[in-house]
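Observations on chain architecture
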Amino acid sequence: MTAGTALNAERRRVEIERSSEETVDVLVVGGGITGAGVALDAAARGLRVTLIEAEDLAFGTSRFSSKLVHGGLRYLATGDFATARESAIERHHLMSTIAPHLIRPLAQVLPFGPGVTVRQRAAGAVGMGMGDLLRMHAHTRRTVLPAPHPVTARTVLRLTPGVRPRGLRGGMLSYDGQLIDDARLVVSVARTAAGLGARVLTRVRALALRAEGATVEDAITGERWELRARSVVNATGVWAGALDESITVRPSRGTHIVLDADSLGSPRAALTIPLEGSISRYIFALPQQLGRVIVGITDEDAPGPIPCVAEPSEGEISFLLANLNRVLAHPIRREHVRGAFAGLRPLVDSGTASTADVSRRHLVSMSDEGFVTVLGGKLTTYRRMAEDAVDSVVSARGISAPASRTTTLPLVRDGDSVARSTHADAHTFVAEGIPVTRATVEFAVREELALSAEDVLDRRTRIGLVPPDRERAAPFIEEIVAETLARLR
């Protein structure tokens, strides 16, 4: 499978040439986690598939998540047991079979200190216990996700050294799944689909959709042509309404800030902090790769035109800092923030007053033009969303196909292929203090369809989350990308 999963500029060129010559079974529009999941589900059933994406894989919301594969603690707190149960089941599939190499168990600490009320402590403990029942219902082993339990103040401080020790009365320790990187999950799903025969075309924009295909444009050359398909799935997230006027998307902006891990004492666990006055909403300080911690997440209405890339507001950054500092010994100031990013959740408008109250259940609907739109949901449940979308188009268009098999289909593993390089300096870092090697950049271009330095900086790695790091690394990465693209021609 390894050779067949390689995605690069040369394969893209060849497959664009072939794309106008055949009618595929399923055309997927959108290269985020949902679209990639739909392409994989359909390809795994033996269907002929083409996926198109206007920008790059994981360009939109899929790279701006909290990078958690979670069991739905928040949904339990609000009484949405169906969503919590679905989340726990999908987490089990991901951590046990589909992508255990991309997900690790993450310890999470809820500190019992002055910034957390007795009511919030009780609600958190009960919620974690109910979450463990869902873990057992999903048959996830305790060797994968240990059971939640109370811990001493000493343990809280060992795992999360930045917490204020004064008045600390221990805490609760629970476990959830954490992606090494959300964008990497998207790329891995797309590469696995490619290994099963799916055509994956980035920088190809859908100008118009219909039941039998789409008019598309190559964003690099400007060429336009027709793609023919027996069925079409609109998986464009917050942009779905631009292609399907029968649905109303209500974007919600989720913002994170990026800190150096040592500013929080280099935590070994995530810090879980209930919002002031709430027992159902939390912010999290989550350890990340490259010596960072991200703190999030907000849930703000984002009306108006959909931006290409959402921007965090200063108010949201201040909100996150204020809630984080409620439990810290030494407050984090604005100047400590190394970067910030925001994503737009593609929620289905239900008329509620706040996006925090909008259901995270997904919607699969048939448009007036005869194509299927899949919307809503969240990263953890992408596989189920994809299965439901493919079931819908297969049924609606009379396509013969077996049932989904993605619960038992592992994603591609790279093994030691990243380390293969023709350069003696393959293990040279792209910049001092940034542990990303030349070989990693070459692999992104050769195997992961990175077509530019921006693809590498912002999606194949997360260097771009910290602007000064981006500035230092960009020149060398631009050079490596250009050299590797030249060798592919």
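This text follows the structure it describes.
The structure presented is a predicted model; accordingly, all values stated were derived computationally and were not measured.

Some points on the sheet that holds strand β3 (residues 49-53)
Across the sheet, six strands lie side by side as β8-β3-β2-β12-β20-β19; this open sheet has mixed pairing. Edge positions in the open sheet fall to β8 (199-202) and β19 (362-366), since each of these has one partner strand only. Here the average twist between neighbouring strands, direction ignored, is 15 degrees. In terms of strand pairing, β3 meets β8 through four bridges, oriented parallel. The residue of β8 that forms the bridge with E53 is T202. Lying on the sheet, helix α2 (residues 33-44) is in contact with β2 (26-29), β3, β12 (232-234) and β20 (372-376); it crosses β3 at an angle near 170 degrees.

Brief notes about the pattern of salt bridges
Under the defined criterion, the tally for this structure stands at 44 salt bridges. With its nearest N and O atoms 2.7 Å apart, the salt bridge here joins R462 to D181. Here R462 is found in the loop between α12 (453-460) and α13 (467-488), whereas its partner D181 is found in the loop between β7 (171-179) and α7 (182-195), with 281 residues between them in sequence. Take R462 and D181: they sit in the same class, and that class is buried.

What about the packing of helix α11 (residues 438-447) against α13?
Relative orientation of the contacting elements α11 and α13 amounts to 45 degrees, with a least axis distance of 9 Å. Taken together, the axes of α11 and α13 lie oblique to each other. For the crossing formed where α11 meets α13, the hand is right-handed. For the pair formed by α11 and α13, the contact residues are R438, V441, E442, V445 and R446 on the first element and F476, I477, I480, V481, E483, T484, L485, R487 and L488 on the second. Here the contact of α11 with α13 is built from residues that sort into eight nonpolar, one polar and five charged.

Topic: unusual backbone geometry
Residue I297 is bonded to the preceding G296 through a cis peptide linkage, with omega at 20 degrees. Tracing the chain through its elements places I297 in the loop between β16 (292-296) and β17 (300-301). In this model, R203 sits at a positive phi of 55 degrees, which is unusual for a non-glycine residue. Positionally, R203 belongs in the loop between β8 and β9 (204-210). Even without being a glycine, L449 presents a positive backbone phi close to 65 degrees. Judged by its relative accessible area of 1%, L449 falls in the buried class.

Things to note about the packing of aromatic side chains
If you walk through the whole model with that rule in mind, you get two aromatic pairs. Note that R63 overlies the ring of F59, its terminal NZ or CZ placed 5.0 Å from the centroid.

Section: the environment of G113
Examined against the element boundaries, G113 turns out to sit in the loop between β5 (103-111) and α5 (118-137). For the pair formed by G113 and A153, sequence separation is 40 residues and the distance between their alpha carbons is 9.2 Å. When residues no more than four places from it in sequence are discounted, the contact partners of G113 are R121, G167 and L168.

Overview of helix α4 (residues 81-98)
For an α-helix, the turn length of 3.6 residues means that residues three or four places apart are oriented alike. In this model, α4 (18 residues) spans 24 Å end to end at C-alpha, consistent with the 26 Å of a helix rising 1.5 Å per residue. Regarding α4, the residues found buried are T83, A84, E86, S87, A88, E90, R91, H92, H93, L94, M95 and I98.

Observations concerning the side chain of Q108
Position of Q108 among the secondary structure elements: in strand β5. Under the relative-accessibility criterion, Q108 is labelled buried at 7%. If we ignore the near neighbours within four places in the chain, the residues touching Q108 are L68, M172, L173, S174, D176, A270, T272 and F284.

Points about the sheet that holds β9
Taken together, four strands build an open sheet; the order of strands is β1-β11-β10-β9 and the sheet is mixed. Edge strands, defined here as strands with exactly one partner in the open sheet, are β1 (23-24) and β9. In this sheet, strand β10 (residues 213-218) lies alongside β9 in antiparallel orientation, the contact comprising six bridges. Residue pairing for β10: R210 is matched across the bridge by G213.

Analysis parameters
- Residues numbered from 1 in each chain as written.
- Predicted model: local features only at pLDDT ≥ 70, side-chain atom pairs only at ≥ 80, totals over all residues.
- Heavy atoms only, no water.
- Pairing = 2+ DSSP bridges.
- Helix = DSSP H or I, 4+ residues; strand = E, 2+ residues; numbered from the N terminus.
- Axes fitted to C-alpha atoms, helices over the stretch in contact; angles between N-to-C directions.
- Contact = heavy atoms within 4.5 Å.
- Salt bridge = Lys/Arg side-chain N within 4 Å of Asp/Glu carboxyl O.
- Buried < 20%, exposed > 50% of the residue type's maximum accessible area, 1.4 Å probe, protein only.
- Parallel < 35°, antiparallel > 145°, perpendicular 65-115°, else oblique.
- Left-handed = near helix turned anticlockwise from the far one by under 90°.
- Nonpolar A, V, L, I, M, F, W, Y, C, P; charged D, E, K, R; others polar.
- Phe/Tyr/Trp six-rings, centres within 6.5 Å; stacked < 30°, edge-to-face > 60°.
- Lys NZ or Arg CZ within 6 Å of the ring centre and 35° of its normal.
- Expected span 1.5 Å × (residues − 1).

Shape is all these values report; function is a separate question.
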